[in-house]
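Inside the fold
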Amino acid sequence: MPTNHDPVLRLRQAFGQEASLVSSASGRLEILGNHTDYNEGFVLSCAVEQRCQVAFAIAPGDKCLVWSEDLDEAIAFRLDQAGDVEPRRWGGYVRCVVDQLLRRGIKLKPFAAAIRSSVPLSAGMSSSAALEVALITGLLKLSGAELSPGDIARVGQAAESAATGARTGLMDQLTSCLGRPDQLVLSEYRGLSVRHVAMPAGYAWVVVDSGEKHDLSQEYNQRRAACERAAAVLAKLEAGVSTLRDVSPATLERHAAAIGEDLPFARHVVEECDRVLRGEKLLLAGDTAAFGQLLFDSHLSSQNNFRNSCLGLDRLVGFARQDRRCLGARLSGGGFGGVSIHLVKASDAEAYAADIAKAFTRDGKEPWHTIARIGGGPSVNELRIKS
Ligand code: GLA
């Protein structure tokens, strides 16, 4: 039964077009490995069940017509003007995806689309990557073209950077492309290799929003520049170093004086890479308690080294530290706001989520929270159009 929010129905209502296909893709949680992706390092992440769905049809005229159900707004643009965007608006993401596909020689025709997403917006769960990957997979199918998951992620990343001005890494889009139910994704960003690690049975992620939203493009680019400066210093001092991924915590500290004020940023990245690799071993050995401690360590490093936390996130993680049911908690994603993730036994998840939501209720309003279910990769459903 179609609901009011069904994108197929909305496509019909908004533009009078029957959908020929519906694509969808997940948002993501960053589990461990913060700001490591653009340093060619390691990340542990997972796709979530919250998804962005896009219904597509061939457009009746020469313009692309796109409706956003969540923002109650439509945009129209010609393919040859796709790249002329207003920064940081949802339509900018759509247009930049189209522009990036055209730049790669994908032959697109004007299309009509309706978008509906259950990934919370600006919460650090990559609603934009879900939108980009859903759009790309749908548009590829519509035009009979194919790209590998790595290339789909790269198109999404390029669109994200063009739309926001932030020089973001590849992790959000890659996780959305390669997520698997009940599995974590361990990705590395030099060879772009991925392996899946099972989520420990009997445990769950409680996700709680700090309610703080932040346009992070400026801070993000500053942090990235600090990492690149530190790597350039180290490359002159140590053979075989080209990015922070090549540096061990001990080597980094040996060159502390040469790195100077960028040291805490570099330290965060180097130690996060190390935590991801140690975390994988702990998960494989079934030591969930020690794995959880790495999450707390990661958050502390965000607070003290990378300085990409905020008061709301620190309070949520502070709650977790005092509550014996929580094995580990940290911010997830770029930082400066958005969600925190809390590892708990599945049997404690509901009570823990209710208690933390109650503790952070302000003016009678609970923070957005959920017990995350780990989702899968993108999908495309072709529909039979009734004649
Ligand atoms: C954002 C970026 C990612 C990654 C994280 C931090 O989500 O889009 O590429 O850098 O921040 O780990």
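Residues numbered from 1 in each chain as written. Predicted model: local features only at pLDDT ≥ 70, side-chain atom pairs only at ≥ 80, totals over all residues. Heavy atoms only, no water.

Attention now goes to the side chain of Ser-302. With respect to the secondary-structure elements, Ser-302 resides in helix H10 (residues 288-306). Ser-302 sits in the buried class, given a relative accessible area of 1%. Every residue in contact with Ser-302, bar those within four places of it in the chain, is listed here: Asn-34, His-268, Arg-307, Asn-308, Ser-309 and Leu-331. (Helix = DSSP H or I, 4+ residues; strand = E, 2+ residues; numbered from the N terminus. Buried < 20%, exposed > 50% of the residue type's maximum accessible area, 1.4 Å probe, protein only. Contact = heavy atoms within 4.5 Å.)

Attention shifts here to the side chain of Arg-95. With respect to the helices, strands and loops of the structure, Arg-95 is situated in helix H2 (residues 90-103). Despite being buried, Arg-95 has no salt bridge partner; Asp-84 is the closest side chain of opposite charge, sitting 5.1 Å away. Sequence-distant contacts of Arg-95, defined by excluding residues within four places in its chain, comprise Ile-75, Ala-76, Phe-77, Gln-81, Ala-82, Asp-84 and Val-85. (Lys, Arg positive; Asp, Glu negative; His and termini not counted. Salt bridge = Lys/Arg side-chain N within 4 Å of Asp/Glu carboxyl O.)

This part takes up the site of the ligand. Residues in close proximity to the ligand total 14 residues, the closest being Glu-30, His-35, Asp-37, Asp-172 and Tyr-220. In the model, an oxygen atom of the ligand is placed 2.7 Å from a nitrogen or oxygen of the His-35 main chain. Contacts to the ligand include Gly-334, whose backbone N or O atom sits 3.3 Å from an oxygen atom. With the chains in place, 95% of the 300 Å² that the ligand exposes on its own is no longer accessible. (Near = heavy atom within 4 Å. Polar contact = N/O pair within 3.5 Å; in protein donor to acceptor, adjacent residues only side chain to side chain. Areas by Shrake-Rupley, 256 points an atom, 1.4 Å probe, with all protein chains shown as cover.)

The next thing to look at is unusual backbone geometry. Phi at Asp-72 is positive, roughly 60°, even though this residue is not glycine. With respect to the element layout, Asp-72 can be found in the loop between strand E3 (63-68) and strand E4 (73-78). Relative accessible area serves as the criterion here: at 59%, Asp-72 is assigned to the exposed category. A positive phi angle is found at Phe-336, which is not glycine, with a value near 65°.

So, about the domain arrangement of the protein chain. Split into domains, the protein chain comes out as domain 1 (7-197) and domain 2 (199-372). Here domain 1 and domain 2 have C-alpha centroids that lie 25 Å from each other. Contacts between domain 1 and domain 2 engage 39 residues on the former and 46 residues on the latter. Together, the buried faces of domain 1 and domain 2 total about 3600 Å²; carbon and sulfur atoms form 60% of this surface. A salt bridge links Glu-228 to Arg-167; the shortest N-O distance between them is 3.0 Å. At the level of elements, strand E1 (21-32), strand E2 (42-58), strand E6 (183-188) and strand E7 (193-198) are the ones that each hand at least two residues to the side of domain 1 that touches domain 2. Sort the elements by how many residues they give to the side of domain 1 that touches domain 2 and E1 lands first, with 5 residues. Residues of the side of domain 1 that touches domain 2, tallied by class, amount to 15 nonpolar, 14 polar and 10 charged. (Domains from an automatic or database assignment. Buried area = accessible area lost by both parts, 1.4 Å probe. Nonpolar A, V, L, I, M, F, W, Y, C, P; charged D, E, K, R; others polar.)

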